[in-house]
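Structural overview for review
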Amino acid sequence: MFRTLFAEEARTQLSRNAAVMGICSVVLLGFLGLWWLLARVGPLAVLMQMASMAVIIAMPAIVLVQIAVEYWQSMYGQRGYLTMTVPVRGRVLFTAKALYACAMALVAGALDLAGLVAWFAVLAHATGTTLGEVLAPLRDALTVGGSGPALATFFIVSSLVGLLTVIVEIGAVMSIGAQGRFNHLDIGAPLIGIVLLYVGNQVLALASTLLLPVSLDITTGDVVARMMLSQFLETFRTGVQPTVIGMGSVVVGPLLAGGLAWW
C-alpha cells in the first residue's frame, strides 16, 4: 500500500512540479545567456545577474510550496474526506507524502546546484577570470585551517539534513494544526505552528551547536568531544576565530522532526 500511495503522489504532482522546474530552468538559461552576451554592458549585466539568481532561489521554493498546498488540500481540505477513506494508518499517508516531498526537494536542489555552477561560470566570463578563480574564496573558506574536505563535507551533509528535516517538520506541524484542539483556527493553526517551529529551531540549533560536546575541529578535520561555547565566548574577548564548529544542530534537528512526526 505504501508503494501505491507514493506512486499516487507522483502521479498527482510530478507533472506540475516538473513543469515548474522546467520553466524555471528555461528562464534561468535565458537570463544567463543574456548576461553572457551583455557582460560588457554594466547595468544590463547586473540586472541579468540578479534576475538569474532570483530564479535559482525561487525554483525550489515554488516546488515545495506546491507540495505543501497539495498536502493540506489532500489531507485536510475538501479532498481530505476521500483521502481518509483509504484503509491505512495516518502515519503511512504522512510518510508517503513526506518522502515524495523530500525526493522532489533533492531533485530541485540538484538543478539548483547545476544552476549555481552555471551562474558562477558566467560570472567568471563577465569578470574575465576562470571558474576556478571565482570559486577560490569559497574553496579557501571551506578548507580554512587545513581542514581539507572535512568542513566541506560537514557543510554539505548538514545542509541536506537540514533541508529534509524542515520538510518533515512542516508537514508534521500542518497535521498537528489540523487536530481537533487547533482546527477551529483553520489554516491559521499551521501558520502559527510554522512560526513557532522557526523560532524553536533557531533556539535549539544555537543551544545544541554551542553546548553539545560534539564538534568538528577545522584544523585537523576530526570530530572531537568538545563544546564550542568556550571558544565562542573567547571570540568576543580576543577576536580569534573558533577552531571547532559545534555539530549538535545536525543531531537535534532530526530528533525534533522525528518527535513532531510521531505526534
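Our subject is the structure that appears above.
In this report, the structure presented in the accompanying data block is examined. All values derive from a computational prediction rather than experimental measurement.

**A word on the sheet that holds strand β3 (residues 244-246)**
- Judged by pairing direction, the sheet is antiparallel, and its three strands sit side by side in the order β2-β1-β3 without closing on themselves. The open sheet terminates on both sides in strands that have one partner only, identified here as β2 (222-224) and β3. For this sheet, the mean inter-axis angle between neighbouring strands, taken without regard to orientation, is 30°.

**With respect to the side chain of Gln66**
- By the secondary structure assignment, Gln66 is in helix α2 (residues 42-76).
- At 2.8 Å, the side chain of Gln66 and the side chain of Asn17 are in polar contact.

**Structural notes on helix α7 (residues 188-211)**
- The end-to-end C-alpha separation of α7 is 34 Å, in line with the 34 Å expected for 24 residues at 1.5 Å each.
- Within α7 the residues assigned to the buried category are Gly188, Ala189, Pro190, Gly193, Leu197, Asn201, Ser208, Thr209 and Leu210.

**Some details on the packing of aromatic side chains**
- By the definition in use, this model includes six aromatic pairs.
- On the numbers, 6.1 Å between centres and 65° between planes, the contact of Phe6 with Tyr100 is edge-to-face. In this pair, Phe6 is assigned in helix α1 (residues 2-37) and Tyr100 in helix α4 (residues 90-127), connecting sequence segments 94 residues apart.
- Relative accessible area serves as the criterion here: at 26%, Phe6 is assigned to the partly exposed category.
- Note on Trp72 and Tyr76: the rings are 5.3 Å apart at their centroids and 55° apart in plane angle, and the pair reads as tilted. Residue Trp72 and its partner Tyr76 are both found in helix α2; the two are separated by four residues, about one turn of the helix.

**A closer look at the pattern of salt bridges**
- For the structure shown, the criterion picks out four salt bridges.
- Residue Arg11 is joined to Glu8 by a salt bridge in which the shortest nitrogen-to-oxygen separation is 2.6 Å. With a gap of three residues between them, Arg11 and Glu8 both fall in helix α1, about one helical turn apart.
- Its relative accessible area of 35% is what places Glu8 among the partly exposed residues.
- Salt-bridge contacts for Arg16 lead to Glu70; the nearest nitrogen and oxygen are separated by 3.3 Å. With a gap of 54 residues between them, Arg16 in helix α1 and Glu70 in helix α2 connect regions that are remote in the sequence.
- Given the relative accessible area of 34%, Arg16 is considered partly exposed.
- Relative accessible area serves as the criterion here: at 5%, Glu70 is assigned to the buried category.
- Among the charged side chains, a salt-bridge network with shared partners connects Arg16, Glu70 and Arg79.

Cut-offs used in this document
- Residues numbered from 1 in each chain as written.
- Predicted model: local features only at pLDDT ≥ 70, side-chain atom pairs only at ≥ 80, totals over all residues.
- Heavy atoms only, no water.
- Pairing = 2+ DSSP bridges.
- Helix = DSSP H or I, 4+ residues; strand = E, 2+ residues; numbered from the N terminus.
- Axes fitted to C-alpha atoms, helices over the stretch in contact; angles between N-to-C directions.
- Polar contact = N/O pair within 3.5 Å; in protein donor to acceptor, adjacent residues only side chain to side chain.
- Expected span 1.5 Å × (residues − 1).
- Buried < 20%, exposed > 50% of the residue type's maximum accessible area, 1.4 Å probe, protein only.
- Phe/Tyr/Trp six-rings, centres within 6.5 Å; stacked < 30°, edge-to-face > 60°.
- Salt bridge = Lys/Arg side-chain N within 4 Å of Asp/Glu carboxyl O.

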